[in-house]
There are 4 protein chains.
Amino acid sequence: MAEIKITVKAGDSAPFRNLTDYCVGTGRLDLALHKEYQDQLRAVQEACHFRYIRGHGLFSDQMGIYQEFTTPDGVKNQWYCFTYLDRVMDAYLENGLEPFLELGFMPEKLAASEQTLFYWKAHTVPPKDMQAWRDLVQATLRHLSERYGKERVETWPCEIWNEPNLPGFWEHADKGKYLELYRATVSAVKEALPQMRVGGPAICGGMGSQQWIADFLAFCKKESLPVDFVTRHAYMGQTPEHKGRYLYHTMNKPDDLIAEMQESRDIIDSFPEYKGIPLYITEFNTSYNPFCPIHDTNLNAATCAALLARLGDVADGYSYWTFGDVFEEQGIPTRPFHGGFGMMANGLIPKPTLWAFSFFSGLIGECVYRDEHAVITRRTDGGYDAVVWTLGEEAELSLTLPMKADAAVLMDLVDEESCNPLRCWHRMGEPAHLTAEQLRFLRAAGQPRQAVLESESTQEGISVRLKLKKNALARLRILPVQRTEDPGYDYSYYCED
Amino acid sequence: MAEIKITVKAGDSAPFRNLTDYCVGTGRLDLALHKEYQDQLRAVQEACHFRYIRGHGLFSDQMGIYQEFTTPDGVKNQWYCFTYLDRVMDAYLENGLEPFLELGFMPEKLAASEQTLFYWKAHTVPPKDMQAWRDLVQATLRHLSERYGKERVETWPCEIWNEPNLPGFWEHADKGKYLELYRATVSAVKEALPQMRVGGPAICGGMGSQQWIADFLAFCKKESLPVDFVTRHAYMGQTPEHKGRYLYHTMNKPDDLIAEMQESRDIIDSFPEYKGIPLYITEFNTSYNPFCPIHDTNLNAATCAALLARLGDVADGYSYWTFGDVFEEQGIPTRPFHGGFGMMANGLIPKPTLWAFSFFSGLIGECVYRDEHAVITRRTDGGYDAVVWTLGEEAELSLTLPMKADAAVLMDLVDEESCNPLRCWHRMGEPAHLTAEQLRFLRAAGQPRQAVLESESTQEGISVRLKLKKNALARLRILPVQRTEDPGYDYSYYCED
Amino acid sequence: MAEIKITVKAGDSAPFRNLTDYCVGTGRLDLALHKEYQDQLRAVQEACHFRYIRGHGLFSDQMGIYQEFTTPDGVKNQWYCFTYLDRVMDAYLENGLEPFLELGFMPEKLAASEQTLFYWKAHTVPPKDMQAWRDLVQATLRHLSERYGKERVETWPCEIWNEPNLPGFWEHADKGKYLELYRATVSAVKEALPQMRVGGPAICGGMGSQQWIADFLAFCKKESLPVDFVTRHAYMGQTPEHKGRYLYHTMNKPDDLIAEMQESRDIIDSFPEYKGIPLYITEFNTSYNPFCPIHDTNLNAATCAALLARLGDVADGYSYWTFGDVFEEQGIPTRPFHGGFGMMANGLIPKPTLWAFSFFSGLIGECVYRDEHAVITRRTDGGYDAVVWTLGEEAELSLTLPMKADAAVLMDLVDEESCNPLRCWHRMGEPAHLTAEQLRFLRAAGQPRQAVLESESTQEGISVRLKLKKNALARLRILPVQRTEDPGYDYSYYCED
Amino acid sequence: MAEIKITVKAGDSAPFRNLTDYCVGTGRLDLALHKEYQDQLRAVQEACHFRYIRGHGLFSDQMGIYQEFTTPDGVKNQWYCFTYLDRVMDAYLENGLEPFLELGFMPEKLAASEQTLFYWKAHTVPPKDMQAWRDLVQATLRHLSERYGKERVETWPCEIWNEPNLPGFWEHADKGKYLELYRATVSAVKEALPQMRVGGPAICGGMGSQQWIADFLAFCKKESLPVDFVTRHAYMGQTPEHKGRYLYHTMNKPDDLIAEMQESRDIIDSFPEYKGIPLYITEFNTSYNPFCPIHDTNLNAATCAALLARLGDVADGYSYWTFGDVFEEQGIPTRPFHGGFGMMANGLIPKPTLWAFSFFSGLIGECVYRDEHAVITRRTDGGYDAVVWTLGEEAELSLTLPMKADAAVLMDLVDEESCNPLRCWHRMGEPAHLTAEQLRFLRAAGQPRQAVLESESTQEGISVRLKLKKNALARLRILPVQRTEDPGYDYSYYCED
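These numbers were taken from a predicted model, which means no experiment stands behind them.

S.K.: Could you give me a rundown of the pattern of salt bridges, with the residues and numbers involved?
M.R.: Applying the stated criterion across every chain, the model contains 176 salt bridges over all chains. A salt bridge links Glu417(A) to Arg449(B); the nearest nitrogen and oxygen atoms lie 3.1 Å apart. Taken together, the residues Glu417(A) in the loop between β23 (407-414) and α11 (421-427) and Arg449(B) in strand β24 (residues 449-453) connect one chain to another. According to the relative accessible area criterion, Glu417(A) is partly exposed, its value standing at 40%. Three or more residues are tied together by salt bridges with common partners; here these are Arg379(A), Asp381(A), Asp385(A), Asp412(A), Arg475(A), Arg477(A) and Glu437(B).

S.K.: Tell me about the interface of chain A and chain B, and please be specific about residues and values.
M.R.: Counting residues at the interface gives 64 residues for chain A, matched by 64 residues for chain B. Summed over both sides, the interface of chain A with chain B buries roughly 5,600 Å², with 53% coming from carbon and sulfur. For chain A, the biggest contributors to the area lost against chain B are Arg427(A), Tyr489(A) and Tyr494(A); these three give 15% of the whole. A salt bridge links Glu496(A) to Lys470(B); its shortest N-O distance comes to 2.6 Å. Taken together, the links from chain A to chain B amount to 22 residue pairs in polar contact (both at pLDDT 80 or more). The residue makeup of the side of chain A that touches chain B, split by class, is 31 nonpolar, twelve polar and 21 charged.

S.K.: Which residues make up the side chain of Gln40(C), and what values go with them?
M.R.: Residues and elements named next belong to chain C. Of note, Gln40 is situated in helix α1 (residues 35-48). Within polar-contact distance, the side chain of Gln40 engages the side chain of Asn346 at 2.9 Å. Every residue in contact with Gln40, bar those within four places of it in the chain, is listed here: Phe323, Gly324, Asp325, Val326, Met344, Ala345, Asn346, Gly347 and Leu348.

S.K.: Tell me about the arrangement of the chains, and name the residues and values.
M.R.: Where chain B comes nearest to chain C, the C-alpha atoms are still 10 Å apart, and the two do not contact one another. Chain D makes no contact with chain A, the minimum C-alpha separation between the two being 10 Å.

S.K.: An account of the sheet that holds strand β20 (residues 374-378) of chain C is requested, with residue identities and associated values reported.
M.R.: Residues and elements named next belong to chain C. The strand order across the open sheet formed by six strands is β19-β20-β21-β27-β23-β24, and the pairing between neighbours is antiparallel. For this open sheet the edge positions go to β19 (367-370) and β24 (449-453), each flanked by a neighbour on one side alone. Adjacent strand axes in the sheet meet at a mean angle of 15 degrees, parallel and antiparallel pairs treated alike. As judged from the six bridges shared by strand β21 (residues 384-389) and strand β27 (residues 473-480), these two strands associate in the antiparallel manner.

Reading guide: rules and limits
Residue positions are given per chain, counting from 1 as you read along its sequence in written order. Each chain gets a letter, beginning with A, and each ligand a number, beginning with 1, in the order they are written. Per-residue local features are limited, in this predicted model, to residues with pLDDT of at least 70; the limit for side-chain atom pairs, both in listing and counting, is 80 or more; totals at the level of whole chains, interfaces and linings are taken over all residues. The side-chain values count all of the structure's non-hydrogen atoms but skip hydrogen atoms and water molecules. Just to be clear on terms, a salt bridge is a Lys or Arg side-chain nitrogen sitting within 4 Å of an Asp or Glu carboxyl oxygen. Helix and strand definitions follow DSSP, with helices as H or I runs of at least four residues and strands as E runs of at least two, each counted in order from the N terminus. Exposed residues in this analysis have more than 50% of their type's maximum accessible area, buried residues have under 20%, and partly exposed residues fall in between, with area computed by a 1.4 Å probe over protein chains only. Residues are treated as being in contact if the distance between any of their heavy atoms lies within 4.5 Å. By definition, the buried area sums, over both parts, the 1.4 Å-probe accessible area that each loses when the two are put together. Under the rule applied, a polar contact is a pair of N or O atoms within 3.5 Å (in protein, one hydrogen donor and one hydrogen acceptor; residues adjacent in sequence only if both atoms are side-chain atoms). By the convention adopted, Pro, Cys, Tyr, Trp, Phe, Met, Ile, Leu, Val and Ala count as nonpolar, Lys, Arg, Asp and Glu as charged, and the other residues, Gly among them, as polar. Note on pairing: two strands pair once DSSP finds at least 2 bridges between them. Fitted lines through C-alpha atoms give the axes, limited to the stretch in contact for helices. The angle between two N-to-C directions lies from 0 to 180 degrees.

So, in structure tokens, the structure goes:
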């Protein structure tokens, strides 16, 4: 059992850049038409209040934007259908989200070749007609500007393509073709909306990723292309082991991931022209696979806590991939728990990871303490908000805060015993189809457990002790107490304190 | 630590008459106009699904039914205003409830004297004009029949007055005057709605209660008056101790309460004319005082469980007093927890007692086991529903059920650690006015905790072991499991079982 | 101006078989996953209360039921994914609907050839492996039985394929292959669910439709196959004229449609084995094209009224194609009004046709009058419900009903001036994308207009006169009045009567 | 038939100070606990978006703030209960409203004498102990500051008492005693919340009202008391005629009311110390009686329109008395229409007057035209918003606006034929208790009717003609049209333009 001893003194402060609420990921954009998707999104937003959302497939055929028809006299015309785009964007805005635009993939009729990726057949190839692609991009941005206002739309970040350093996502992972795409697209965007910020290269880790960043920036520098920010992804999965449709792997450490990001940061800053421009991690998670069971665990939640404490040190925004489990890349999920990326399982069941994001998004005051188990911020009411976690071991926490007054310690606890819907489902026999009774139970089982802890007043302030299980995550809100009098009221007559 | 060892064998059955959902109590009827009241009622009904609701003050001035006006030439006319009555009844029906009518109290303008009771000044005296009272009763019943249909309204039980054996509720506790009131009223009701069932004398315990029942029935027999059912109340509080506006007392045992009810039952059955007519306990609770802190405790929940297991042995219906804390008899509550009768505290915070009623109302199958710690019923899907509780002591439960298949044991747990909003509030410093943050926390803290327990297959069936804290209440749903295959899915890769 | 003079006498009755609420159509079943779809469905159900819903694509790839995977050692396995099926069925049941199952189309991996239909590429060909198809049908029915209960699922009618007499819907419109499919499928269904009712051949009009019915029944008779009902479609469109993606045509008369259905009825009854089995019109509408602007008009509503008055004479159920405009057969709609089949336009704008179905679904009493302009039924409260309409001409209605008491005539009016969102949208400039302000306006513009008409008491009863515009539709509720007294209240002091 | 000819030229502007949304009135504050009240409030706020709400009875016993209890040793203690106050304020804030505080009436236990007013017995007398009153005021303000934040609470205007120039509202209409109350109270408020703005004397018209204002200001000047604003009321009713519980009277003209307010304005400005301080009309309406049938009429709506066009000329805020019909001053309403003050009838039925406030609250651009029939403002999209009305006569409106482009004229019409729920109810037989069917009908009948008018392009701009019935009220939104192309779409194939 580890001991975590934290003592905060008056005047303490600690570096902590909290960008938890910056962005969240989603699968194919048109899935946002689904009611289950919107229900999950609403629930996640109530807990986390993300500001941006980023997903694939804006230009894929399921969104139906790019259309062609042939006139009676044989002329082929292109036109654009924004019915679903409007419906998706309206849903995001209603949920307090703005899009972090990802321009891709290719409409079938514009695709230069037949390569597709995923169950849903994303066309992951260059356009056969670059001007038609540019027209599509511009028409879409202009439509958005008309509907939502130019000033608003210009604030939406715009990223070009997704993971072109993977041959599945971009034919042959052809770097030269990607740079051509970037050149053509960034100019199209800036013509339509000069103030819109544009970036790339949206690469995944490994696969020569750091070199891709260097080459991307060198190309842009040479061609004098705007680069408003650099984007990349960050996953922790090592060599995978496949079983059936599922994938398992051991994970890198948070230290590894942070170091990888720092290397990208350093590459960017090595270009005087681009020094200091934002680095956005437009996807991050433990495993990169949507059928990896880790995503449903308390271990995942604790790992996310460890990352959220540090990602702001190396990046200017980051986006968990993904908020929910309405997702189809490797096929339709057949069971409520299947290792999907989401913070919620299908059926509106919260996973432990949801609470990591929820608790961190609530850390809005000045930071007074940060280490590998805790982040603590100061509240405006004289109290403190803390998030504490354990990764892979039990621990005994001792926390002292410089409060003079009486204090109440409100705890929301997420651990393998208190808030573990996956285990409940497993013990139910892993049912593929939940009855209404099972579903209600699992939704409740995914809620944190509440308690108000006993604390004692010491010379150093308020002190509280707490045993944490392995992979536990707790939010502590330490609130100053002003006792109200109520003559004759005696709690202890029927209860122990 | 007590040991509770329960073994159910195939074919076992046990007597258990579950009338948990029969009826619930409420304060003054016009409080049903309040939004907070209706919000609490909706939440309680989602959990408990009561069928009837019974409250005071149908004819009190706050409901505004009885009105008088004087014409320009000095004639005094009476008329009736059903605006609020309709609104209240509509709210009940929308929430799946029908009224258990209690005819009382007296409109001020009909009151024979000035005695009032309560903060809200109920006129607890006979009418100064019995015919005007009869007219009021009949006009009200006729209006209800027109609006809701005669057939429906005739199914509503109708009780005459409330606790006339207390001088506060009925001037001088004048038995003769009550019998007169009964005689005049029962005939008025039967004239208006011949099929409506009417009863009394709605007495509280002590205060000569058993004699009141005997005298009431003797009078009705002598006068050949209809008595469709007998009503009385059941509380457990002993000699009270007052502190400020609060009241404390030790409680009788469930055995005492059951014995008191059995005595009433026996008195009824001693009249050949009335033998076997229903006995309804139109109010029951631990303490009879709305500022007694016991009502907010886990002890109260466990006590209610013990009562709900047995009340059907002695009565044909019973009604917990009351569902919620929108209540004004001794004044407006000033703090969310104040010992109010309700199953929910103001602010929509569930109290432990809510779950006693909720769990018992779900016991709908055939009973296979009942003792002083548990009731178990058989499900249609081959599983079992159990409610178990401990009263004042810890216990180790061992439960064996005759199931051959694999089983999942879903537990909803309510104990002093897991589901104790009162303690959380106490440790917060007993705030009179909750911030939104505190309120959300306490609502969550009032939810049961979920877990799926490990069970083992033995020769006798499925066996599960569970440690219960003092005053714990748990619902166990033991469901047969049909495992679905999903090749490659491996829960244990990242988790312990 | 036509004159419509209706006089109902006490004791009058008229034949009228009202099956308005029997069934309604929908496009591809997986569109039911969409929020907009469910919102429209809820709104339609509030107005119309349909009992069944029938749509295409149960086995198409968008529903994702049929799946294959290849094991590491190269064996191809089939399995079934019911995630979306459950979600769709849950949505229907929550909205008070049960499915009228249509078994089709072919999963791509089971398709015998490459023919597809529609923007969304329905595979409209026989299975390459009939046993795999039978397995798919049985697995699906067994899953539904497990989830929703065998007794319930067996009540759902089951139709085999859709419009096989059209080569687009069934390769080469190959009758022999259809009969084979029927034979294999009906036996698969009956094996899985012996009580389930099965029928076909689901043909559209023209295209040898009557002969198809005759041949279908002859084949089934010869092969001793069960046929629990016969299904066919009924549209009114004549030779079409195409402009762009839109289609226009003049319409047959209701008389023509009724005669066509009667011919089918007579063919069925000419088989002694099948005489009297139900004929279900599993699709009907004016035009059969989802981009025919007639669907959005008041003319369409009046035409539907004329049909709803008579369809029960020739069929045992009928299903308007379709309830809403979330529909993709010829592509995604680009504008709110585009001639879609739906009773509601996208954006939740009611079309006039919705009210035809709503008004007719409310005609639940005994019919006292029916002609080509009106259907009138008797209410239980002593009043009458009437639906009246004009088709292509103005009319002056004079209506006399045998009521002795005072009566109030509540009118809900839908005509080209009062309830015509299409015209409003047209006059707005036919915007493709509605602002929130425009959308709210159009939703309101799609509501009927209310008025209470003046009536006079005559010797024959209550008489009311009303001028109806062309293509008007009105519901009249003639309610007996019991005036309540309120001394001093004088409406006429400030108002004219 | 009057002719209203309006021609707006480019660059036109007109004075118009639109304070429609400043404030709205409500009966007794604790009625805000009622669900029906909150439902009406939500509906009114959706239509009108008021910023403040002002009502009576903050300190009346129904709010339960002032409490006393006697200790065992006979000492009388005062304390305060804010349970209902918090609930009421929370409800207002949730509906987007802040309170315009009115300090009154007297708690029974603080009342110097026994005078009461209204069915609900408001104690309308001075305090028997001025210090206890001051303590009550300060304790309440301090509690509000703690709960809602001092900065926020200090923005709430604070008015002292209500209509002290009426003996019913203030014993003997004793001016000297009112000035004493003001002196004691204003200092109490400023001690507690120095930035809070305080005013009086809250007088009604007639009853020496102008002299009251003069005397009030003279007194404050002499005593150097703060006066942050002056308040008074404005009603139009002349000599009343009583029938039963109803009251009827002819009305003054808008001119009369404006002149009366101007006189008050001039009195204020005659004091150099108070010149220019705000004059708030804290109540206005046609009749001052809650059982005057005019309030339910279209005439009332048109009168309100005429007032809303002009009140900003003479006052700095005004508050229609009242938003809804949950109101008890002269007793509980017995029928949905009874001449209550509200913009909505009980049962959530909109009255025509609601739309006057709704339409005016939407006039947010620069005013380009105002006369006794119309107010027109310029939209940011190049179009115009107009509200037009007729008072007591029919009119033919001709409106020309300087728009070059094509325009769509969206009309929402409220007149005696199109939107007249009162007449519908009257013709229904004036039912006291509405069936669900009647209620739904009346709610719909209270909605404006929508149409898009035909307009023509002339040299002077866009021109539209419209016949208005007597007491009509219309909102016209004249929107520039950008036609979208959709090749092949032909509205006119099935419809006339």
